[in-house]
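Examination of the molecular architecture
Below are the chains, spelled out letter by letter.
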Amino acid sequence: MTQEWEAGRLDSDLEGVGFDTLAVRAGQQRTPEGEHGEPLFFTSSYVFRTAADAAARFAGEVPGNVYSRYTNPTVRTFEQRIAALEGAEQAVATASGMSAILATVMSLCGAGDHVLVSRSVFGATVSLFEKYLKRFGVQVDYVPLADLDAWAAAFKPNTRLLFVESPSNPLAELVDIRALADLAHAKDAWLMVDNCFCTPVLQQPLALGADIVIHSATKYIDGQGRCLGGVVAGRSEQMKEVVGFLRTAGPTLSPFNAWVFLKGLETLRLRMQAHCASAQALAEWLETQPGIERVHYAGLASHPQHELARRQQKGFGAVLSFEVAGGKDAAWRFIDATRLISITANLGDTKTTITHPATTTHGRLSPEERANAGIRDSLIRVAVGLEEVEDLKADLARGLQAL
Ligand SMILES: *Cc1c(COP(=O)(O)O)cnc(C)c1O
């Protein structure tokens, strides 16, 4: 016999509960089958009871699903759970992290608007602005992430949006999000934060004053290297525009991927704590090793923004980078000597990855652009996974021996 569930019953029971409870339960709606796990609605379309019902749903006069490019119950659960964890009024899921950025800029900016972008953002984000959005009349300028005076000086009368990643990849630089949000609001602009590296476990940009948060759910939210997805979160008035763009243009999230991400969210805090603990141990150990010239990790007292990181984040993340003596050849020898760690540019996986930014993720930049961004040929990035930290140390020691 099936048990009847009141729609929304669990939602109303979540008033005032903590982050971990929301990560496991927010947004779940049970079907009359009474399933305990989140149901996967693997359907492209929905049936209507009558022709009149179809007409009313198409016209938006009665609520209900029409087509999965518009709404899907599994995707909705993921959106509601992310909104709860980021402290947002509403969240909207997208097919990838890049389509989260695309959808936000396409729906909130138009020709003649000016966007300020941190110099240290994901490579494809720069290409999106440079190769495509500029073609449609969006003006873009780049600002050094940590330099608040440079941000203040870069505003124009038509500046509408500021876009940052904090901490940055691969050098782990930060910006004071609250101070930057204040600057943006004084000029009637919005601050948008790519929170991919921290996840809401370590940092909640909206609580610090930012207006919009985006994620590549492909990274820590899945956390196990299985599928691509993204999400945008913010105020309902803005998200309504983002939803409008996604319904029309189509880069919406697959319900299967939404279901995988829901499972990822349930263990996100436990995984982030383990990722951070191992990254801290490795950063401290690397800093003492001969052949290592510098370690970039905000959890180290030697990091110039260590105090800001302590104030702004609940942990320091799991991406660290370091410079080896001897330039590119030495960096490649180091990477090639590892046996356990995967040579790949991905991050946010259970499996630790190692990459040479100057010839991979940042390889398309000119040598001068790389120098400006502080990406030296001697730099190696490690995204720390969940293996035994002693095994990771032993593997990095193979790299050290090859220098
Ligand atoms: C990977 C990544 C993206 C792009 O996400 P996809 O899911 O690969 O489209 C955007 N921002 C950051 C910081 C990323 O690491």
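So, here's what we can say about the structure.

Thresholds applied
Residues numbered from 1 in each chain as written. Predicted model: local features only at pLDDT ≥ 70, side-chain atom pairs only at ≥ 80, totals over all residues. Heavy atoms only, no water. Pairing = 2+ DSSP bridges. Helix = DSSP H or I, 4+ residues; strand = E, 2+ residues; numbered from the N terminus. Contact = heavy atoms within 4.5 Å. Axes fitted to C-alpha atoms, helices over the stretch in contact; angles between N-to-C directions. Expected span 1.5 Å × (residues − 1). Buried < 20%, exposed > 50% of the residue type's maximum accessible area, 1.4 Å probe, protein only. Arc of directions from axis to C-beta. Near = heavy atom within 4 Å. Polar contact = N/O pair within 3.5 Å; in protein donor to acceptor, adjacent residues only side chain to side chain. Areas by Shrake-Rupley, 256 points an atom, 1.4 Å probe, with all protein chains shown as cover. Nonpolar A, V, L, I, M, F, W, Y, C, P; charged D, E, K, R; others polar.

Next up on the list: the sheet that holds strand S9 (residues 319-324). With respect to topology, five strands assemble into an open sheet ordered S8-S9-S12-S11-S10, the strand pairing being mixed. Edge positions in the sheet fall to strand S8 (292-296) and strand S10 (342-343), since each of these pairs with one other strand and no more. Judged from the four bridges that link them, S8 and S9 form a sheet pairing that is antiparallel. Looking at the pairing, valine 295 lines up with phenylalanine 322 of S9. On the sheet, helix H12 (residues 268-287) packs against S8 and S9 and is oriented at approximately 15° with respect to S9. Where helix H14 (residues 327-337) meets the sheet, its contacts fall on S9, S10, strand S11 (353-355) and strand S12 (379-383), and the angle it forms with S9 comes to roughly 125°.

Relative to the 20 Å expected for 14 residues at 1.5 Å per residue, helix H10 (residues 236-249) spans 20 Å between its end C-alpha atoms, a close match to the ideal helical length. Among all positions of H10, only Gln238, Met239, Val242, Val243, Phe245 and Leu246 are buried. With its buried residues spanning 165° around the axis, H10 presents them on a single face. Within H10, the exposed residues directed more than 90 degrees away from the buried face are Glu237, Lys240 and Thr248. On its buried face, H10 sits against strand S1 (90-94), helix H5 (97-108), strand S5 (190-194), strand S6 (212-216) and strand S7 (230-234). Taken from the residues just after H10, glycine 250 is the one with a positive phi, measuring 105°.

With that settled, consider the site of the ligand. Every residue close to the ligand is listed here: Ser96, Gly97, Met98, Phe122, Glu165, Asp194, Cys196, Phe197, Ser216, Thr218, Lys219 and Gly229. A distance of 2.8 Å separates an oxygen atom of the ligand from a polar side-chain atom of serine 216. Contact with the protein chains hides 93% of the accessible area of the ligand, taken as 380 Å² for the molecule alone. Along the lines of polarity and charge, the residues of the shell around the ligand split into four nonpolar, five polar and three charged.

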